[in-house]
Amino acid sequence: MGEKKKKIVKTIKVDVDKCNGCRACEMICSAFHASPKYSSNNPARSRIRLIREPLKGLYLPVYAGEYTPAECAGRDKYVIDGKEYDECDFCRASCPSRDVFKEPDSGLPLKCDMCEDDPPQEKPLCVQWCIHDALTYEEREEEVEEEVEQEEMEIGLESLVDKFGLQKVMDTIARMSQKGENSKAKEEV
Amino acid sequence: MRYAETGFNLEIDLSRGSIERVATDPRLTELHLGGLGTNAKILWDRVPPEVEPFSPDNLLIFSTGLLGGTPTPGANRTIVSTFSPQTLLMAYSMMGGFWAPELKYAGYDKVIIRGKSPDLVYLWINNDKVEIRDASHLQGKGALETAELIREELKEPKAQMAAIGLAGENRVYYASIEHGRSSASRGGIGAVMGDKGLKAIAVRGTKDINIARPDEFIELCNEVLQYIQYRAENPIKGVPPILAGIGSPQEMAIDDEQWHTTSFAWGNARHRRKDFWTKEIEEQWKKTQEKAVERLISCHNCPMKCGAIVTYPALGVSKYMMKCYSKLTYTMAAMSDLDFGFRIAGHAQEYGVDGYTTPQVMAFAVELYEAGILTDEDLPGFPSDNEERFFWLLDRIVRREGIGDVLANGVYWAARHIGKGAEAYDRNTIKKHEQIPIKLGMLNPIYYIMWSTGEKANITQIEGQLPQAPFPTRELREEFVKDWIQVPDEKFKRFILDWGEPGTSFPDYPSIDLICDLVDWQETMHYIDDATGVCAGLSSFPLKPPYHIHNLPNFISSATGIDIDEDGLWEIARRNRNLLRAINVRRGMRRKDEKPPEDHWRKRFPEYEAKLLDEYYKFKGWNKEGIPTKETLDNLGLDYVSKDFVERGILTDNEGSLSKEASA
C-alpha cells in the first residue's frame, strides 16, 4: 500500500443533457495534442470522443482513460431515461475490443492528460470550447494513495510489450538505436 | 505539404466503375479557394454547355470548403454542384452537418462523380479504401432510413451519410440530398444523383488536416467562439426575435412566428395574412413546438443549435431531424397549422424533396384544381380534406404517378405542360425555380437586384448582414452602428443612420450607387463562405456575424499559408462570382431571365427596375445582357472564358470596348 497524501484532483463533469453534439471537444483536443501544438487536427486522435446517435437520443462525451491489455467480459446494456447504452459506451479504456482511444496510424493508446501545458491552461481545452457547459471543469481535494503517474511513452510501450513481448520490444529498440548510431557515424564520415 | 485542404480529389466514374485519387493544382486554391469556386472551375472546364443534366457526362461534385474540417468554428458545409434538370443552369446547394469534414479526414477535398451506374449503388469511402457497393436492397427506402441501414451494414456508426430518397431515384426535379439534420435541396441535385444510380455516399476518415500558422489560427478561432457567446447575450435590439441572434434563423428554438406568418405569403404564394398571429395561435403553436422538439442539435464544430430532433414519426423512422424553415413552408402552403407542418415535413424529408419547392408545387396544384384547370379526371381520388390533399400529392409526386409525373418537374414546367391558363398560376419562380413565397407592397430596390441577378436560387444565400427594414428610432440606429465592425466601408453605417428619417423610403432611396454597393457586399460575403465552407449562419447571413471581411482573410491566411488580404479575398470572390455567371451565360442565361416573381411586390416601376439592372450590370462589369465583359473577365484572370465567349459569339471584341466606356 502506498502512502496517503492530499492531492488536487482535476475532474471534468459531463452533463449529457447539455451536449449539442457538435464535436468541438474532439476537434480542439486533437489540435491541442498535435505537435507542434494546433498544427493539425483529427478527431480520430482525440482523447475525448463523442458518442452521438441522434435518433437514439445518445450524446455521450467520454474521456480516454487507462490502457488495458485485455478486453473485459462486460457487454451489458444500460437503459437510462429510456435510452439504451452499451456498457462499453461509458468505458474510458483503450482496449483490444475496439478502435477508440488509439492513434489511428500506430494503434498506440491515447489518454486524457487534462491538457497539461506550460504555462498551465486554466481549464482543459475541451471545456473551454464547450460553450454550452456540457463539459465543466472541477478541482477537488482528495486523499489518495501516492502512485507514480505513468508517462505517455510508458503507456505506449506497455501496450507494445503486451502485444509483442518484452524481449522483442527491447531487441527492436536496441536495433533502432544501433541504426541511429550507424547513420550518425556515416554522417560524420 | 498542403494546409487546410488535402490536395486530393476522388474521381468516380460510375459507368466504368473506376475510382481514382487525383492530386489537385495548388494554383487553383490561390485563384478560387475551394468549395463552390473550384467546383465552378471544374464544371467550366469539363462540362460543355450542350451536356444535358441527365447525361452521363454531367458531373455531380460533392465538395468541402477550404476551411472545412479545420477547427474553424462552423466550417462544415458540403457544397454540391451540378447542372439542374429544372433550371438547366448550374445548380448548387449546400448542406451543414458532418459530411464534408469527414471527407477531409478521409483525405479528399472533393468527390467528383461522372457516368451512370446501370444498377443502384452506393459509395463507401473509408480513408484510402473506396468501394462502389450494391444498393438494390435500399431501393425506395427513405433517406434517413437508408443512412441507418448502411451504417449497420458497414458496422461503422461513425460513417457520415449523404443519401437520396424515392424522389431522387425517380428524378423529381426538386429532389434533395439528405444528411441527417441537413440537406442540399435546391436545384434538383438529388435527381442528378438518382439519375447516376447513386443512392448514397458513406464516408469515414481518420487522417489529419494541417494548419500552416497554428498559433495565429487558433487565436482567431478563440475570438470567434468568444464573439458567439457575446452575441448570444447581446441580441440586436429593434428587430423581431427571429432576426436578433446569429446562426441560421432559430426556427427550432423560437416559437414566436409572428414575423414569418404575417410577412410571408400563404398558399400558392398568394395570400398575405397580416392578422394571422393571434394569442390563441401563439399558445397552440407553442404547445405544438414543445411537443415536437426533443432536443436542439448542432452541426460539426459549431455551437449554434439551429437543428432539432423532432419526435414525429416519418415513413421508416420513428423520429427525424429538422432545421430552419421547413416547419413553416408546408404549414403555410397548405394554409394549415404547425402540427401539420411537422407531420408532413418528416415524410417529405424521407422521400428527399426540397422543403421550399415542394409545398409550392402542391399549393399550385390545389389552386389549379380549385380553378377548374385540373379536374377529377386529372386527380382521380383526390381527397376533399386539405391536409390529406397535400399528403396525396406528395405520394404521387415522388413516385411520378399520374399527375405527379407532371408536378414532379416543378411549377414552371408543369404549368406549361398543363396549359389551359395554368401559366398564370406560376407566380413564384425565378429562372424556373420556386422561391420562398413573399408578397410585399412597395418595391425594395436592394432586394429587386438580389432576386433578379442571384444565381443561387435562394434569397437566403444572397442576402444578409443588412437590416431588412429601417430601425424605428434614431437611438436604435445609433446603437446598431456603434459596434458594427463587420462593414467593409463606413458609408454603410451612414446609410443605416439615415434610413428611417423623412424622405428615406423606397423606391427612390437610397441612391443607385449605394444600392449596388449594398448588394455587392452581401453577395460577396456569401461567395466567400461558399468557397471556405463556413456556414452562412455564422457569417454572411445574420446581422453582426462573427465572421466578416476583416477577419476572414486572416483565417484563410493562417490556415493555408497563402497570404490573402481583404482586397485579395474580395477579388477571389469576384472571380468565382463571374465564373459562375459565365457558366450560366454559356448555357443561355440572359437579361430576360433576370426578374423577380411577378407577384413579389404590388407596386412596381418597370423603368426604374430596368435602370437598376443596367446600373448593377455596369457596376459588376457586365454588359447590357448581364454578360461579363472581356475586360472584366481578363482582369480576373478568366481570359480563357472571354476567349470562349468570343469564339462562340457570346461576346464580340466590340462589346468589350463598349462596356469599357460605360464603366469609365
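Just so we're clear, the structure is a prediction, and the values are computed from it rather than from any experiment.

Even after reading the chapter, I still don't get the packing of helix H13 (residues 357-370) of chain B against helix H16 (residues 410-418) of chain B, so can you show me in this structure?
When two helices pack together, their arrangement is captured by the angle between the axes and the distance separating the axes. All names here are of chain B. For the pair H13 and H16, interaxial distance at closest approach is 9 Å and the crossing angle is 25°. One finds that H13 runs roughly parallel with respect to H16. Residues Thr357, Gln360, Val361, Phe364 and Leu368 of H13 form the contact with H16, whose own contacting residues are Gly410, Val411 and Ile418. Class assignment for the residues of the contact of H13 with H16 results in five nonpolar, three polar and no charged.

Sorry, what's going on with the pairing of strand S9 (residues 160-163) of chain B here?
Working note: regular strand, side chains alternate between the two faces of the sheet. Residues and elements named next belong to chain B. Of the two faces of S9, the one lined by Gln160 and Ala162 and the one lined by Met161 and Ala163 are each fully buried. Sheet topology places S9 next to strand S12 (residues 198-204); four bridges connect them, and they run antiparallel. Bridging across to S12, Ala163 finds its partner in Ala200.

Just checking my understanding: could you explain the sheet that holds strand S2 (residues 18-23) of chain B for this structure?
Paired through backbone hydrogen bonds, the strands of a sheet run either parallel or antiparallel to each other. Residues and elements named next belong to chain B. The six strands lie next to each other as S2-S1-S6-S3-S4-S5, forming an open sheet whose pairing is mixed. Edge positions in the open sheet fall to S2 and strand S5 (90-95), since each of these has one partner strand only. With direction set aside, neighbouring strand axes in the sheet form an average angle of 15°. With four bridges joining them, strand S3 (residues 60-63) and strand S6 (residues 110-114) adopt antiparallel strand pairing. Its bridge partner lying in S6, Phe62 is registered against Val111. Sheet strands touched by helix H2 (residues 35-46): S3, strand S4 (78-83), S5 and S6. Its angle to S4, the strand with the most contacts, is close to 25°.

Please explain the interface of chain A and chain B as it appears in this structure.
Note on interface size: it is often stated as the accessible area lost on association of the parts. Taken together, the contacts link 24 residues of chain A with 31 residues of chain B. Every element with two or more residues in the side of chain A that touches chain B is listed here: helix H1 (24-32) and strand S2 (40-41) of chain A. Looking at which element gives the most residues to the side of chain A that touches chain B, the answer is H1(A), with four residues. A class-by-class count of the residues in the side of chain A that touches chain B yields 14 nonpolar, seven polar and three charged. Two elements, S2(A) and strand S13 (residues 209-210) of chain B, share two bridges in a ladder whose sense is antiparallel. The residue of S13(B) that forms the bridge with Ser40(A) is Asn210(B).

Quick question: what am I supposed to make of the domain arrangement of chain A here?
Residues and elements named next belong to chain A. Taken domain by domain, chain A consists of domain 1 (4-147) and domain 2 (149-189). In this assembly, five residues from domain 1 lie in contact with five residues from domain 2. Its residues assigned to classes, the side of domain 1 that touches domain 2 comprises four nonpolar, no polar and one charged.

Criteria and cut-off values
Residues numbered from 1 in each chain as written. Chains lettered and ligands numbered in written order. Predicted model: local features only at pLDDT ≥ 70, side-chain atom pairs only at ≥ 80, totals over all residues. Axes fitted to C-alpha atoms, helices over the stretch in contact; angles between N-to-C directions. Helix = DSSP H or I, 4+ residues; strand = E, 2+ residues; numbered from the N terminus. Parallel < 35°, antiparallel > 145°, perpendicular 65-115°, else oblique. Contact = placed C-beta atoms within 7 Å. Nonpolar A, V, L, I, M, F, W, Y, C, P; charged D, E, K, R; others polar. Buried ≥ 20, exposed ≤ 12 C-beta atoms within 10 Å, placed from the backbone. Pairing = 2+ DSSP bridges. Domains from an automatic or database assignment.

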